[in-house]
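Inside the fold
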Amino acid sequence: MTLIDGKATAATIKAEIAERVKEIVAAGNKRPHLAAILVGHDGGSETYVANKVKACEVCGFKSTLIRFEDTVSEDELLSKVRELNEDADVDGFIVQLPLPKQISEQKVIETIDYRKDVDGFHPINVGRMAIGLPCFISATPKGIIELLKRYEVPTSGKKCVVLGRSNIVGKPMAQLMMQKCYGDSTVTVCHSHSATLKQECREADIIIAAIGRPDFVTADMVKEGACVIDVGTTRVPDNTKKKGFRLNGDVKFDEVAPKCSFITPVPGGVGPMTICMLMQNTLLAGEKAIYK
Ligand code: GUN
């Protein structure tokens, strides 16, 4: 069994990005600049955004954090998005989700200029991804593809089951695993209403679990020699931890790992790759490599 080390892989990629940024700046070009909008004080979102800002420093990017209280109106937030669209110094930006209920997330996403949408959430990027055109690909699925590639996990012609159908992970993940230039796999998407979920998993060469249910994937659902990718990061109360909680994956790691050819841990698997791929998208945005 090979443990896929997302933390180490992400550190390697960030070092590669930092090297590239040095070249860009040495050639007299502008340092890539990522802006992030954070609304409210949700603990998870605060941590994610702080880690994104930290990763920008490691990569040598300029970063700007823009904060709003959770009482902000939709109009106020959309005005800021339009301002960032027009700001030539900002190469890419994100609006951290989820947003308070008075704000339509879809409206916000669609207001972001797709050429600066380094999250890859805008329908133009989603659509271009689906038909294999150059675009910003959302960070979590992109990070998983990168891990599979770097660990040389066989995917072509293999049976891949994606658990979960979210817009951020499940759907784009299934698209990428299906496409010839990425996974080239035979893909099945299962969700909370799939009658044959366990059977599908038992037949899978690759399981990508992104349903947000701690310890959902058990040993009886996994074929001997399968590759298991765990996207789950549910906060579970844990008094032995300083923060009072731990991050729990969707996979019951201890019993599943011995059956696997490859497996990602939680934490330290997919999580660090997600932020790293946001950095890669920001580099692409700074270089105007996808859109002029
Ligand atoms: N919330 C959870 N994951 C993400 C992400 O990748 N991007 C943004 N903007 N919000 C998130």
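Residues numbered from 1 in each chain as written. Predicted model: local features only at pLDDT ≥ 70, side-chain atom pairs only at ≥ 80, totals over all residues. Heavy atoms only, no water.

**Thoughts on the sheet that holds strand S4 (residues 92-95)**
Strand order in the open sheet formed by 3 strands is S3-S2-S4, and the pairing between neighbours is parallel. Looking at strand neighbours, the two that pair on one side only are strand S3 (62-68) and S4, the edges of this open sheet. Taking the axes of each pair of neighbouring strands and ignoring which way they run, one obtains an average angle of 15° across the sheet. As paired elements, strand S2 (residues 33-39) and S3 share 7 bridges and run parallel to each other. Each residue of the ladder has a partner; that of Leu34, found in S3, is Ser63. Together, S2, S3 and S4 form the strand contacts of helix H2 (residues 43-59), whose direction differs from that of S2 by roughly 165°. (Pairing = 2+ DSSP bridges. Helix = DSSP H or I, 4+ residues; strand = E, 2+ residues; numbered from the N terminus. Axes fitted to C-alpha atoms, helices over the stretch in contact; angles between N-to-C directions. Contact = heavy atoms within 4.5 Å.)

**Remarks on the nonpolar core**
Formed by 51 residues in total, the largest nonpolar core has its most connected members in Ile208, Ile229 and Met279. In terms of residue count, the dominant contributor to this core is helix H10 (residues 270-286) (9 residues). Sequence-distant contacts of Met279, that is, excluding residues within four places in its chain, are made with Ile17, Leu34, Lys52, Ala55, Cys56, Cys59 and Phe61. Counting 20 residues, the second-largest nonpolar core is a separate cluster that includes Ala35, Leu78, Phe93 and Leu99. (Core = buried A, V, L, I, M, F, W, Y, C linked by side-chain atoms within 4.5 Å. Buried < 20%, exposed > 50% of the residue type's maximum accessible area, 1.4 Å probe, protein only.)

**Remarks on the environment of Met277**
Along the chain, the position of Met277 falls in helix H10. Once the C-alpha coordinates of Met277 and Thr2 are considered, the two residues, 275 residues apart in sequence, prove to be 22 Å apart. Filtering out sequence-adjacent residues up to four positions away, Met277 remains in contact with Ile13, Ala139, Lys142, Gly143 and Glu146.

**Here we look at a positive patch on the surface**
Taken together, the side chains of Lys54, Arg235, Lys242 and Lys243 present a region of like positive charge at the surface. Among the structural elements, Lys54 can be located in helix H2. (Patch = residues over 30% accessible without salt bridge, like charges linked within 9 Å, V, L, I, M, F, W, Y side chains within 5 Å. Areas by Shrake-Rupley, 256 points an atom, 1.4 Å probe, with all protein chains shown as cover. Salt bridge = Lys/Arg side-chain N within 4 Å of Asp/Glu carboxyl O. Lys, Arg positive; Asp, Glu negative; His and termini not counted. Charge placed at Lys NZ, Arg CZ, Asp CG, Glu CD.)

**Structural notes on the site of the ligand**
In the region of the ligand, the neighbouring residues are Lys52, Val95, Gln96, Leu97, Asp119 and Phe121. The side chain of Asp119 places a nitrogen or oxygen atom 2.7 Å from a nitrogen atom of the ligand. In isolation the ligand offers 270 Å² of accessible surface; the protein chains occlude 80% of this area. Of the residues contributing to the shell around the ligand, the split by class is 3 nonpolar, 1 polar and 2 charged. (Near = heavy atom within 4 Å. Polar contact = N/O pair within 3.5 Å; in protein donor to acceptor, adjacent residues only side chain to side chain. Nonpolar A, V, L, I, M, F, W, Y, C, P; charged D, E, K, R; others polar.)

**Quick notes on H10**
Given a rise of 1.5 Å per residue, 17 residues ought to cover 24 Å, and the 25 Å separating the end C-alpha atoms of H10 matches this to within 8%. Counting buried positions along H10 yields 12 of 17 residues, so the element is predominantly enclosed. Turning to H10, its buried residues number three or more, namely Val270, Met273, Ile275, Cys276, Met277, Leu278, Met279, Gln280, Asn281, Thr282, Leu283 and Ala285. At its buried positions, H10 is contacted by helix H1 (6-26), S2, H2, S4, helix H6 (139-150) and strand S8 (227-230). After H10 finishes, the residue Lys288 shows a positive phi value of roughly 50°. (Expected span 1.5 Å × (residues − 1).)

**With respect to the pattern of salt bridges**
Throughout the structure, instances matching the rule amount to 18 salt bridges. With its nearest N and O atoms 3.4 Å apart, the salt bridge here joins Lys22 to Glu19. Here Glu19 and Lys22 lie together in helix H1, a separation of 3 residues that amounts to about one turn. For Lys22, a relative accessible area of 55% translates into the label exposed. Close ionic contact of Lys198 with Asp220 constitutes a salt bridge, the shortest N to O distance being 3.4 Å. In this pair, Lys198 sits in helix H8 (residues 197-202) while Asp220 sits in the loop between strand S7 (206-209) and S8, placing the two residues 22 residues apart along the sequence. According to the relative accessible area criterion, Asp220 is partly exposed, its value standing at 40%. Overlapping salt bridges bring together Lys30, Lys62, Asp89, Asp91 and Lys288 as one network.

**Structural notes on the packing of aromatic side chains**
Using the criterion set out here, one finds 2 aromatic pairs in the structure. Consider the rings of Tyr114 and Tyr291, whose centres lie 4.9 Å apart with planes at 85°: the pair is edge-to-face. Here Tyr291 lies in the segment after H10 and Tyr114 lies in the loop between helix H4 (105-111) and helix H5 (123-130), a separation of 177 residues in the sequence. A relative accessible area of 10% means that Tyr291 is categorised as buried. (Phe/Tyr/Trp six-rings, centres within 6.5 Å; stacked < 30°, edge-to-face > 60°.)

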